[in-house]
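Fold and geometry: a report
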Amino acid sequence: MRTTVCLDVQEIERLVLGVKAISQPIRAHLLECDRCREYYLALRAIYSAISMYGGNAPAESGSRMSEVRILHLFPLTGANGCSNRRLAAKGGRPNGSVTVFSFTDREQGYVGRLMHDAASGRLQFYLLADDMAKTRGIQIHLPEAGLSGITDAEGRIDFGPMEAPECHEIQIVLPRAVIFLEPLDPFAEKSREQHQFILKDIEDSDIEISVSRDKPGRYILSFRRIDGRPALRELKVVAITDLRTFESPAERGVAVIQTMDPERLLKIHIY
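Criteria and thresholds
Residues numbered from 1 in each chain as written. Predicted model: local features only at pLDDT ≥ 70, side-chain atom pairs only at ≥ 80, totals over all residues. Heavy atoms only, no water. Helix = DSSP H or I, 4+ residues; strand = E, 2+ residues; numbered from the N terminus. Buried < 20%, exposed > 50% of the residue type's maximum accessible area, 1.4 Å probe, protein only. Contact = heavy atoms within 4.5 Å. Areas by Shrake-Rupley, 256 points an atom, 1.4 Å probe, with all protein chains shown as cover. Phe/Tyr/Trp six-rings, centres within 6.5 Å; stacked < 30°, edge-to-face > 60°. Lys NZ or Arg CZ within 6 Å of the ring centre and 35° of its normal. pLDDT = per-residue confidence, 0-100. Pairing = 2+ DSSP bridges. Axes fitted to C-alpha atoms, helices over the stretch in contact; angles between N-to-C directions. Core = buried A, V, L, I, M, F, W, Y, C linked by side-chain atoms within 4.5 Å. Salt bridge = Lys/Arg side-chain N within 4 Å of Asp/Glu carboxyl O.

**Here's the deal with the overall build of the chain**
The secondary structure content of the chain amounts to three helices and 18 strands. Classification of the 271 residues of the chain by burial places 48% in the buried group. In the chain, of all internal contacts separated by at least 6 residues, the share reaching a separation of at least 24 is 58%. About 13,500 Å² of surface is accessible on the chain, with carbon and sulfur atoms providing 51% of the total.

**Examining the packing of aromatic side chains**
The description of an aromatic ring pair rests on the distance of the ring centres and on the angle between the ring planes. Applying the stated criterion across every chain, the model contains one aromatic pair. Its guanidinium or amino end placed over the ring of Y126, R113 lies 4.8 Å from that ring's centre, counting from NZ or CZ.

**Regarding the confidence of the model for the chain**
With 75% of its residues at a pLDDT of 70 or more, the chain shows a mean pLDDT of 76. When pLDDT is averaged over each element of the chain, strand β8 (residues 147-150) comes out on top at 95 and strand β1 (residues 59-60) at the bottom at 38. Contacts for the low-pLDDT stretch residues 52-64, under 50 throughout, to residues beyond four places or in other chains number 26 contacts. Segment residues 77-96 is flagged for pLDDT under 50; beyond a separation of four residues in sequence, or across chains, it makes 48 contacts in the model.

**Quick look at unusual backbone geometry**
Here D261 and P262 are connected by a cis peptide whose omega angle stands at 15°. As for its placement among the helices and strands, P262 is situated in the loop between β17 (254-258) and β18 (265-270). A positive phi angle is found at R252, which is not glycine, with a value near 55°. For R252, the position within the fold is in the loop between β16 (245-249) and β17. For R252, a relative accessible area of 72% gives the class exposed.

**Focus on the sheet that holds strand β4 (residues 98-105)**
Strand order across the open sheet formed by five strands is β3-β4-β5-β6-β9, with antiparallel pairing between neighbours. The open sheet terminates on both sides in strands that have one partner only, identified here as β3 (74-75) and β9 (156-161). In this structure, β3 lies alongside β4, joined through two bridges in antiparallel fashion. When the sheet's bridge partners are listed, P75 is paired in β4 with F101. Sheet strands touched by helix α1 (residues 9-17): β5 (110-117) and β6 (122-129). Its angle to β5, the strand with the most contacts, is close to 135°.

**Here's the deal with the sheet that holds strand β15 (residues 236-241)**
Spatial ordering of the open sheet is given by β11-β18-β15-β16, a layout of four strands whose pairing is antiparallel. The two strands at the open ends of the sheet, each matched to only one other strand, are β11 (177-180) and β16. When strand polarity is set aside, the average angle formed by the axes of neighbouring strands in this sheet is 25°. Where β11 and β18 come together, four bridges link them in antiparallel fashion. Note on β18: the bridge partner recorded for A177 is I270.

**Remarks on the nonpolar core**
By size, the foremost hydrophobic cluster in this structure holds 26 residues, and its most contacted members are F103, L114, F125, L142, F159, I170 and I172. I207, V211, F246 and A255 belong to the second largest nonpolar core, which has 20 residues in total.

**Re the pattern of salt bridges**
Opposite charge on two side chains permits pairing when their charged atoms draw close. Overall, the coordinates contain nine salt bridges when judged by the stated rule. Ionic pairing is found between D34 and R37, a salt bridge with its closest N-O pair at 2.4 Å. Of this pair, D34 and R37 both sit in helix α3 (residues 34-52), three residues apart, which is roughly one turn of that helix. Classification of R37 as partly exposed rests on a relative accessible area of 26%. R69 serves as the salt-bridge partner of D105, at 2.5 Å between the closest nitrogen and oxygen. Taken together, the residues D105 in strand β4 and R69 in strand β2 (residues 67-72) connect sequence positions 36 residues apart. In this pair, the class of D105 matches that of R69, namely buried. Counted as one network, the salt bridges with shared partners bring together R122, D152, R156 and D158.

**Considerations on the pairing of β4**
Across the eight residues that make up β4, a large majority, seven, are buried. Where β4 and β5 come together, eight bridges link them in antiparallel fashion. Counterpart to F103 in the pairing with β5 is G112. Connecting β4 to the next strand, β5, in antiparallel fashion are four residues, including G109 with a positive phi near 80°.

Rendered as structure tokens:
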């Protein structure tokens, strides 16, 4: 009889990384449960291999618009005593064929994996951190596969069904600005609000960002170069609420965020 319920993959990964201590009940469960023990041993093998190489040394792009961290993907293969058939997505299917790549970014405190399930054909990305709030609304690029996405509230991107791509690196694009709006209540009686922020030294210019709420749940963001030059059109706005994460395109220096009752807007990432 098992001493505890099975652990999900993220919890096992935190045990391997030392983020969470292994309690006696969990230790007993790992000894009894083949599924959880295989996950634990496989993840420990890959992160030990990464440590031997000193982990990822991310290269930062020369762009002053944002910081792009380029990280190497390490395959989970038999070379380290683990097989890609032994790691599956959440819930686990020991006999399934799942290709898994992993990476770590020690400076930012991120670990993650790229997983392709041959049975469903789906490609999924998972970003993990000690504080999972850090994994929301992060822009991810897989340049070799031509794929991009924004992580959801669980640090996940579902790229959908496709052939397993050949990927050796992943790019994590950190937001050029993060606007925290807590503890604003978008459905309070005071429907109109306005806040202004200055984004320093973007393309040799300071940018003024105005965030206004013209009615409950509706936010308008406007971007203006302080030096008077034309507004930036390539800015990407990612809204993070307590229920979901979504993009809002900026056109001619203006973006609109519409939340739905009862969700609350927590923060905004500017890319």
